[in-house]
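# Structural features, examined
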Amino acid sequence: MILFLFVYPNTSKAQTQNVKEDYIIQTQEIKQKTSRLSEIIPEHAQNIIKGENFEARIGFGDIDSSDYFSIMISTGSIDYGKLYPTTPISRDTEISVSPKSSHGYRVFTYEDHSLSDINFTNLIPNTTCDRGLCTKSTPAFWTENLTYGLGYSCVNITNSPCFDFEDDSFKRFADESKVESQEVIMNGYNTEDKARIIYKLNISPTQANSIYSNTVDFIAMPLI
Amino acid sequence: MKKFILFGLLFSIYLSLASTKAIAEEKGLGIYPPIVTIKAISPSKIEIPIRVKNMGNSTLEAQVSLRPFTLDQNGKVKLILHKDYTPENFSILSTSRLLQNDQIVSKLIFSPHQEQDLILEINIEPNQKSKDFYFSVLIESSGNETSQNSYSKQEIGAASNILLSIGDEPIVITSDFQSPLFTTSGGTKFEASLKNTSNHFSTVHPRIIIKNIFGNTIEIIDLKEQNILPNQVISFGPESNEVQANKKYLIGPYNAVLELNTTASTKGSQEISFIVVPVKQTIFTITLIFVIIFIILRVRTRLSGIKANNR
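Keep in mind that what you see is a predicted model, and the values were worked out from it rather than measured.

We now examine the overall build of chain B. Each helix and strand counted, chain B has three helices and 21 strands in total. Accessible surface for chain B amounts to roughly 17,000 Å². Of this, 56% is attributable to carbon and sulfur atoms.

Moving on: the nonpolar core. Counting 67 residues, the largest nonpolar core has Phe218 of chain A together with Ile38, Leu120, Ile122, Ile139 and Leu164 of chain B as its most contacted members. For this core, the leading source of residues is strand E11 (residues 150–166) of chain B, giving five residues. Apart from the residues lying within four places of it in its own chain, the contact partners of leucine 120 of chain B are Ile46, Glu47, Ile48, Ile50, Leu66, Arg97, Leu98, Phe135, Val137 and Ile162 of chain B. By size, the runner-up hydrophobic cluster in this structure holds 24 residues, among which are Ile171, Phe177, Leu258 and Val276 of chain B.

Structurally, serine 160 of chain B can be placed in strand E11. In this view, serine 160 of chain B contacts Ile31, Pro33, Pro34, Ile35, Ile50, Phe135, Ser136 and Val137 of chain B; residues no more than four positions away in its chain are not counted.

Turning next to the sheet that holds strand E14 (residues 191–196) of chain B. All names here are of chain B. Spatial ordering of the open sheet is given by E12-E14-E19, a layout of three strands whose pairing is antiparallel. Two strands lie at the open edges of the sheet, namely strand E12 (173–178) and strand E19 (233–236), each paired on one side alone. Within the sheet, the average angular offset between the axes of one strand and its neighbour, ignoring direction, is 10°. Direction of pairing for E14 relative to E19: antiparallel, over a ladder of four bridges. If you follow serine 193 over to E19, its bridge partner there is serine 235.

Let us now look at the pairing of strand E8 (residues 107–110) of chain B. Residue and element names in this part refer to chain B. Residues of E8 alternate between two faces, with Leu108 and Phe110 buried on one and Lys107 and Ile109 left unburied on the opposite face. Here strand E4 (residues 60–71) pairs with E8 via four bridges, running antiparallel. Paired with alanine 62 across the bridge in E8 is leucine 108.

What follows covers the packing of aromatic side chains. Residues and elements named next belong to chain B. The tally for this structure, following the rule as stated, stands at nine aromatic pairs over all chains. Note on phenylalanine 190 and phenylalanine 274: the rings are 5.7 Å apart at their centroids and 80° apart in plane angle, and the pair reads as edge-to-face. Pair noted here: phenylalanine 190 is in the loop between strand E13 (182–183) and E14 and phenylalanine 274 is in strand E21 (residues 269–276), with a separation of 84 residues, a long-range link. In this pair, the class of phenylalanine 190 matches that of phenylalanine 274, namely buried. When the ring of tyrosine 254 is compared with that of phenylalanine 274, the centres are 5.8 Å apart and the planes differ by 20°; the resulting orientation is stacked. Residue tyrosine 254 is located in strand E20 (residues 252–259), and its partner phenylalanine 274 is located in strand E21; the two are separated by 20 residues in the primary sequence.

Basis of the calculations
- Residues numbered from 1 in each chain as written.
- Chains lettered and ligands numbered in written order.
- Predicted model: local features only at pLDDT ≥ 70, side-chain atom pairs only at ≥ 80, totals over all residues.
- Heavy atoms only, no water.
- Helix = DSSP H or I, 4+ residues; strand = E, 2+ residues; numbered from the N terminus.
- Areas by Shrake-Rupley, 256 points an atom, 1.4 Å probe, with all protein chains shown as cover.
- Core = buried A, V, L, I, M, F, W, Y, C linked by side-chain atoms within 4.5 Å.
- Buried < 20%, exposed > 50% of the residue type's maximum accessible area, 1.4 Å probe, protein only.
- Contact = heavy atoms within 4.5 Å.
- Pairing = 2+ DSSP bridges.
- Axes fitted to C-alpha atoms, helices over the stretch in contact; angles between N-to-C directions.
- Phe/Tyr/Trp six-rings, centres within 6.5 Å; stacked < 30°, edge-to-face > 60°.

What is shown is where atoms sit, not what they do.
Right under this line is the structure:
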């Protein structure tokens, strides 16, 4: 019984009626979501909702798709393992974006704060890359083991969605705690894009021995 | 004793795998529709259905919110920081809300691949001044992944962009449409730019219709639908390959008309003319003509010489 409920959580078999202003459609034995939104959300992307003093259009008129605008990430967390000074660590994750029902997208990224311990007593600063050349907007190379901090890079997997990254170049994350605006990390116009985000972390010998953490966000927005 | 050691070892292996698995779980979010364009006058109560989905294989917690957006210097969307909210941003957020089963909702819990339906309710108060508002319905994951090592938790979000225009003032779109006067037979390139000179956004779906001198339609180039915000300029240029004729044309003059197909008051079109001059064929034809003329002149000269000798 419980298994059945998990398999069929939101469907019901029944005689159904679709009531519109001018006609009634009556069917038999059809699976249909029972929420009233099923009578409102169109199956076709081009749809108009009219009401008193307003008219709304759902989706793009020239895209015949009601697919979700979606983003997926391969891992929920990046585990840096045990940290050793002047020994950079690299970890990666994959991001997929499917803007099938829109003409394109942008993915923004930012961190809530620098890597910090639980009491915010100790921080691992964001990197500035070799010779201090990278910022949240400007990438630069990071190859030296005496360059410290946390940074990230983007590598194209499917198509070329990475925004403003050269090979082996890194940026630091925009820091929300310092009220910095988010940065574009991916953009594209294809129906499916995938990129690899590489995290790089290196600590100095004077870094306090602790457990550091933060949260990194990736927000996908459709183009208008 | 050995059994206890073995059990402890197996249990430790299980725990390490379990924690790794929890961290390694993928997550995904989807939202539909990606955009909603609304034209309204005050007062009005607007309800828009929004559907969200957990695209991943595990349970997911998420937060839903409304976030104003604007355009950056490149004309692309970006979210506005809270510190940069204007009074207008606050006003529309205070009169809009997300509902599920008629209850205000801010947090959702999804089972794997579960869809959930929301209603975006916007209340436009009486005497609301004519104005545009742009904001996103944003769904963001809010996991509780942790680790015994240093880590960065990753969260994702997907947005549905809402363009709301209140008021019924006319919308004016100006266009600039060009192409080279002379072009070769294939891949005629056009440059087109549109500017919204009014105070409300407009939806445009431009297309270029190319006709020959007999009025026959040779090709129709459909450009993608876009929304142009007030004072925004959008361009279609030869570098983006977005406005390039795909067919090869015969030699001769042609007309190209840029139709806007817009919700704007000005539904006009702009027409230009261009001449197709196939380079290779032209050079060959001209050379051939010169050769023929040369041959004719030489023959006449010879014939004149023969007649003079015969006298």
